[in-house]
Amino acid sequence: MNKYKLLTIASIAAIVPMVLLISSINGKAREREEINRGPVVKESGVESRNDAWARAYPRQYDSWKKTSKSDKIEDLLEKKPQLAVIWAGYGFAKDYNSPRGHFYALQSNQNTLRTGAPVDSASGPMPTPCWTCKSPDVPRVMDKVGELEFFTGKWAKYGDEMANSIGCADCHDSKTADLKITRPHLVRALKETGMDVDNATHQQMRSLVCAQCHVEYYFKKTAWTDEQGNEKTAAVVTLPWAQGTTAEEMESYYDAIDFKDWTHKISKTPMLKAQHPGYEIAQTGIHARRGVACADCHMPYKQEGAVKFTDHHIQSPLENIAGSCLQCHRESEADLVAVVKAKLDRKEQLMEIAMDNLAKAHLEAGKAWELGATEAEMKEILKDIRHGQWRWDYSIASHGSFFHAPEETLRLLATANEKAQTARLKLVKVLAGYGAVDYVAPDFSTKEKAQAIAGVNFEALVEEKVKFKNTLLKEWEKAALEKGILSPATRKGMSDKTSYN
Ligand code: HEC
Ligand code: HEC
Ligand code: HEC
Ligand code: HEC
């Protein structure tokens, strides 16, 4: 037998078991699909009531409902008071908590002091796009009225239409139950990066459904004319991905269009607020680069008797290490927990330093203005603060980045720090020029002190909010029940926790 024949036989011998393995994996996937294939939930349009899916898909529904277990409020302004200073003049200085389960997304949005206390459907302060990532009623209403109309008007306009928290119709087609991108902003943004959603692989879809919400975005003012000829302005959710998805690429995008989310109340800096670029930063990490999807860790498969299905209890994967990490890793649970903890500690250390420097930079800039500093003296300093705070925010706002992309998170925190310190060095010089060489920023070590510095009137905000909850919010619920878009069964066992009472 010559060398080539031997090689051919050897490679066939190697390929056959691989093909068998793949076909067995495919076979299992088909089997799972068949077993889980239910009747059509809704022939046309969007079924936003989660419990309407329960009969066809009881396992997915029951596990989804377990996201209600994560209802604890962790007040981050209490834990990191610097936040109130660095967000002075912006909603986040009023109220900011760590994330809870998807079951609570809608309630968190209604309860936060950031959405204020509207008194009717036309009053603010927030616009309609603030609902975009909270409810499967969003694709339902968009389907009915069109995207531009959806993004026109005040938040309260759709108070009585938003009845169900994040659920089935956010990620699935109501007729086929296939995974589906229901938010047009993601489809457009992916196109800008050269990807056609229709050609996304199944594995990519297992992350892209999350990228509908766990991404950076801004509201793009868009003029349009409705069918009756009325001229309107929509605030269209837009992902700033045209130049790329890294912090520097988005920063350059925002700078090029002179965009600011708000003007900082103390330093007068034109600020950017990173939302939660979790999908983007995760792409730089080893798991995403090896093709591991969000769902591999946050929605692992689960066996129940003979049936295998996707566990819809989205939570910290550390609550289910055996089902997630240990599908691929061989370390002990304790080792994996320790590795994750070490990554968290490293991030916390650098994050704390960056936040302190940013808060002090804002306060020192405020002092410089007070003493008569000129626009020309302040221009470069404010640019450093803008860029430093953006990088800090981009790196940590999505909460999981310390694990998803540890190197990128630490790199950005280091550059955030460098920018903040550069601003502070320049400020020493400016302050010295106005005779305030010894200026020391006031104490912001508690939430109360920091909010006082930021000019937040917490008691007044709470009072208005409680009134809203007892009046308009109750009317919304009643109207939603009457319209038949809300089933009380879905909300059974729902707690009502807030940071303020
Ligand atoms: C429709 C928007 C939307 C989609 C789609 C979405 N999320 Fe979320 N997610 C949110 C919001 C909003 C919160 C915060 C809810 C709150 O605090 O009340 C959240 C919270 C979370 C949390 C924190 C849960 C907890 O108990 O602390 C995790 C983890 C998470 N999401 C992962 C995912 C993954 C993985 C996917 C994709 C399989 C996904 N999300 C899809 C909007 C979404
Ligand atoms: C945040 C996005 C998200 C939400 C919300 C969601 N799913 Fe899923 N669902 C997924 C993902 C991801 C998969 C895995 C798909 C795959 O790999 O085949 C999945 C799989 C499924 C499957 C296929 C069978 C299986 O278990 O793998 C069904 C059926 C299903 N989901 C039903 C539901 C129902 C019913 C709800 C509401 C109670 C729901 N889903 C809510 C993302 C979601
Ligand atoms: C390799 C596993 C893995 C993958 C893949 C993964 N995550 Fe995570 N995720 C984690 C771990 C571990 C944590 C930290 C949990 C903790 O601190 O308890 C986390 C944290 C989070 C959090 C913060 C939860 C909280 O309450 O603070 C969110 C949100 C999140 N992930 C969303 C996503 C999204 C969206 C994707 C896909 C782009 C994704 N994750 C991919 C393992 C993973
Ligand atoms: C679907 C498979 C898969 C799952 C699930 C998974 N990993 Fe990984 N993990 C990988 C792969 C692949 C690598 C990269 C190995 C390499 O290329 O060296 C990796 C690398 C790592 C690393 C080393 C890189 C780093 O960032 O330090 C750690 C730590 C890790 N995983 C922890 C976890 C934890 C914790 C979980 C569960 C929350 C988890 N993994 C879930 C496949 C997985």
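Calculation criteria
- Residues numbered from 1 in each chain as written.
- Chains lettered and ligands numbered in written order.
- Predicted model: local features only at pLDDT ≥ 70, side-chain atom pairs only at ≥ 80, totals over all residues.
- Helix = DSSP H or I, 4+ residues; strand = E, 2+ residues; numbered from the N terminus.
- Rg over C-alpha atoms; globule rule 2.2 N^0.38 Å.
- Buried ≥ 20, exposed ≤ 12 C-beta atoms within 10 Å, placed from the backbone.
- Near = placed C-beta within 6 Å.
- Nonpolar A, V, L, I, M, F, W, Y, C, P; charged D, E, K, R; others polar.
- Core = buried A, V, L, I, M, F, W, Y, C linked by C-beta atoms within 7 Å.
- Contact = placed C-beta atoms within 7 Å.
- Arc of directions from axis to C-beta.
- Pairing = 2+ DSSP bridges.
- Axes fitted to C-alpha atoms, helices over the stretch in contact; angles between N-to-C directions.
- Parallel < 35°, antiparallel > 145°, perpendicular 65-115°, else oblique.
- Left-handed = near helix turned anticlockwise from the far one by under 90°.
- pLDDT = per-residue confidence, 0-100.

## Description of the overall build of the chain
Next up, step 1: Of regular secondary structure, the chain possesses 21 helices and six strands.
Next up, step 2: For 501 residues, the compact-globule estimate of 2.2 N^0.38 gives 23 Å, and the chain sits close to it at 25 Å.
Next up, step 3: Along the three orthogonal principal directions, the C-alpha set of the chain runs to about 90 × 70 × 50 Å.
Next up, step 4: Buried residues in the chain amount to 41% of all 501 residues.

## Concerning unusual backbone geometry
Next up, step 1: Cis peptide bonds are those with omega within 30 degrees of zero, and the linkage from Gly124 to Pro125 qualifies with 10°.
Next up, step 2: Its identity as a non-glycine residue notwithstanding, Lys268 has a phi of 65°, on the positive side.
Next up, step 3: Take Lys268: it is sitting in the loop between strand 3 (262–263) and strand 4 (270–271).
Next up, step 4: Looking at Lys268, the number of C-beta atoms within 10 Å reads 18, which means it is partly exposed.
Next up, step 5: At His399, a residue that is not glycine, the phi angle is positive and equals roughly 70°.

## Describing the site of ligand 4
Next up, step 1: Ligand 4 sits among 16 residues. The nearest are Arg290, Asp296, Pro317, Cys325 and Cys328.
Next up, step 2: At the level of elements, helix 13 (286–289), helix 14 (294–298) and helix 15 (333–370) are the ones that each hand at least two residues to the shell around ligand 4.
Next up, step 3: The greatest single-element share of the shell around ligand 4, amounting to three residues, is contributed by helix 15.
Next up, step 4: Residues that form the shell around ligand 4 fall into these classes: 10 nonpolar, four polar and two charged.

## A few points about the site of ligand 3
Next up, step 1: Surveying the vicinity of ligand 3 reveals 23 residues, the closest of which are Cys294, Cys297, Ser316, His399 and Gly400.
Next up, step 2: The set of elements that each furnish at least two residues to the shell around ligand 3 consists of helix 10 (202–211), helix 12 (278–282), helix 14 and helix 17 (401–404).
Next up, step 3: If one sorts the elements of the shell around ligand 3 by residue count, helix 14 sits on top with four residues.
Next up, step 4: The residue inventory of the shell around ligand 3, partitioned by class, reads 11 nonpolar, 11 polar and one charged.

## Re the nonpolar core
Next up, step 1: If you look at the biggest cluster of nonpolar residues, it comprises 48 residues, and the most contacted ones within it are Ala84, Val85, Ala354, Leu358, Ala365, Leu427 and Ala454.
Next up, step 2: The set of elements that each furnish at least two residues to this core consists of helix 4 (82–86), helix 11 (247–256), helix 15, helix 16 (375–396), helix 18 (406–433) and helix 19 (447–454).
Next up, step 3: The biggest single contributor to this core is helix 15, with 10 residues.
Next up, step 4: Residues contacting Ala365, with those up to four places away along its chain left out, are Ser267, Met378, Ile381, Leu382, Ile385 and Leu427.
Next up, step 5: Judged by nonpolar contacts, the second largest core, of 45 residues, contains Ala105, Trp155, Val209 and Ala295.

## Brief notes about helix 9 (residues 184–192)
Next up, step 1: Restricting attention to buried positions, one finds in helix 9 the residues His185, Leu186 and Ala189. Taken end-on, helix 9 shows its buried residues confined to a sector of 95°, consistent with a single buried face.
Next up, step 2: On the buried face of helix 9, the contacting elements are helix 10 and strand 2 (231–238).
Next up, step 3: After helix 9 finishes, the residue Gly194 shows a positive phi value of roughly 90°.

## Things to note about the pairing of strand 1 (residues 218–225)
Next up, step 1: Taken together, the eight bridges between strand 1 and strand 2 define a ladder with antiparallel strand orientation. When the bridges of strand 2 are listed, Phe219 appears paired with Val237.
Next up, step 2: If you look at the hairpin formed by strand 1 and strand 2, you'll find five residues sitting between the two strands, and Gly229 has a positive phi there, around 90°.

## Re helix 11
Helical periodicity: at 3.6 residues per turn, an α-helix aligns residues three or four positions apart in one direction.
Next up, step 1: Within the span of helix 11, buried status applies to Ala247, Met250 and Tyr254. Projection of helix 11 onto a plane perpendicular to its axis shows the buried side chains occupying an angular sector of 70°, all on one side.
Next up, step 2: Buried residues belonging to helix 11 abut helix 16 and helix 18.
Next up, step 3: Asp258 occupies a position one or two residues after helix 11 and carries a positive phi of about 55°.

## A word on the packing of helix 15 against helix 18
Next up, step 1: Between helix 15 and helix 18, the shortest axis-to-axis distance is 9 Å and the interhelical angle comes to 25°. With respect to each other, helix 15 and helix 18 are oriented roughly parallel. With respect to the hand of their crossing, helix 15 and helix 18 are arranged in left-handed fashion.
Next up, step 2: A per-class count over the contact of helix 15 with helix 18 returns 18 nonpolar, four polar and seven charged.

## Description of the confidence of the model for the chain
Next up, step 1: For the chain, per-residue confidence averages 94 on the pLDDT scale, and 93% of positions sit at 70 or higher.
Next up, step 2: In the model, residues 17–24 has pLDDT below 50 throughout and makes zero contacts with residues more than four positions away in sequence or in other chains.

## Things to note about the pairing of strand 5 (residues 301–304)
Next up, step 1: Here four bridges tie strand 5 to strand 6 (residues 307–310), and the two strands are oriented antiparallel to one another. Bridging from a neighbouring strand, Gln303 pairs with Lys308 of strand 6.

## Let's talk about the environment of Gln421
Next up, step 1: With respect to the helices and strands, the residue Gln421 is situated in helix 18.
Next up, step 2: According to the C-beta neighbour criterion, Gln421 is partly exposed, with 18 such atoms within 10 Å.
Next up, step 3: Note: C-alpha distance between Gln421 and Lys360 (61 residues apart in sequence) is 9.5 Å.

## Focus on the environment of Met195
Next up, step 1: By the secondary structure assignment, Met195 is in the loop between helix 9 and helix 10.
Next up, step 2: Each C-alpha atom of the pair Met195 and Glu408 lies 23 Å from the other, and the pair is 213 residues apart in sequence.

## So, the environment of Lys474
Next up, step 1: If you trace the backbone, Lys474 turns up in helix 21 (residues 472–483).
Next up, step 2: Judged by the 11 C-beta atoms lying within 10 Å of it, Lys474 falls in the exposed class.
Next up, step 3: C-alpha separation for the pair Lys474 and Asp160, spaced 314 residues apart in sequence, amounts to 9.6 Å.

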